[in-house]
Amino acid sequence: MKKLSLVLAAAGLMSLAACNSTPAEKAVDNAADNAVETIENAADSLENAADYASNEAVEATLENAADNAHDAADNVDDAH
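Residues numbered from 1 in each chain as written. Predicted model: local features only at pLDDT ≥ 70, side-chain atom pairs only at ≥ 80, totals over all residues. Heavy atoms only, no water.

Any residue range with low pLDDT should be treated as having predicted coordinates unsuitable for detailed reading. For the protein chain, per-residue confidence averages 84 on the pLDDT scale, and 75% of positions sit at 70 or higher. By mean pLDDT, the top-scoring element of the protein chain is helix α3 (residues 56-79) (94), and the lowest-scoring one is helix α1 (residues 2-15) (60). (pLDDT = per-residue confidence, 0-100. Helix = DSSP H or I, 4+ residues; strand = E, 2+ residues; numbered from the N terminus.)

The next subject is a negative patch on the surface. Residues D33, E37, D67, D71, D74, D77 and D78 make up a contiguous surface patch of negative charge. Mapped by element, the contributors of at least two residues to the negative patch are α2 (23-51) and α3. Among the elements that line the negative patch, the one with the most residues is α3, at five residues. Relative to the assigned elements, D67 resides in helix α3. (Patch = residues over 30% accessible without salt bridge, like charges linked within 9 Å, V, L, I, M, F, W, Y side chains within 5 Å. Areas by Shrake-Rupley, 256 points an atom, 1.4 Å probe, with all protein chains shown as cover. Salt bridge = Lys/Arg side-chain N within 4 Å of Asp/Glu carboxyl O. Lys, Arg positive; Asp, Glu negative; His and termini not counted. Charge placed at Lys NZ, Arg CZ, Asp CG, Glu CD.)

On to the side chain of H70. Following the sequence through the fold, H70 ends up in helix α3. In this structure H70 comes out as buried when scored by relative accessible area, which is 18%. Of note is the side chain of H70, whose polar atom sits 2.6 Å from the side chain of E40. With residues up to four places along the chain from it excluded, the contact list for H70 reads E40, A43, D44 and E47. (Buried < 20%, exposed > 50% of the residue type's maximum accessible area, 1.4 Å probe, protein only. Polar contact = N/O pair within 3.5 Å; in protein donor to acceptor, adjacent residues only side chain to side chain. Contact = heavy atoms within 4.5 Å.)

Right, here's the structure in full:
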């Protein structure tokens, strides 16, 4: 849930950004980039956990969570 909150906060901040780059806007851009990286790293961790899952149901659940995380990162990047 913390990661989702971070994504939503970053998306909200990005929607406030204008075309000119002020220090505040650069900070928003950096926050968005960091959010994307954090979410992508979490997705990679989920994929790695899926590789070592004890059964197919757990593996499928972890893969779905990883896919959702990648999609969330893409959404943040697109909004940025």
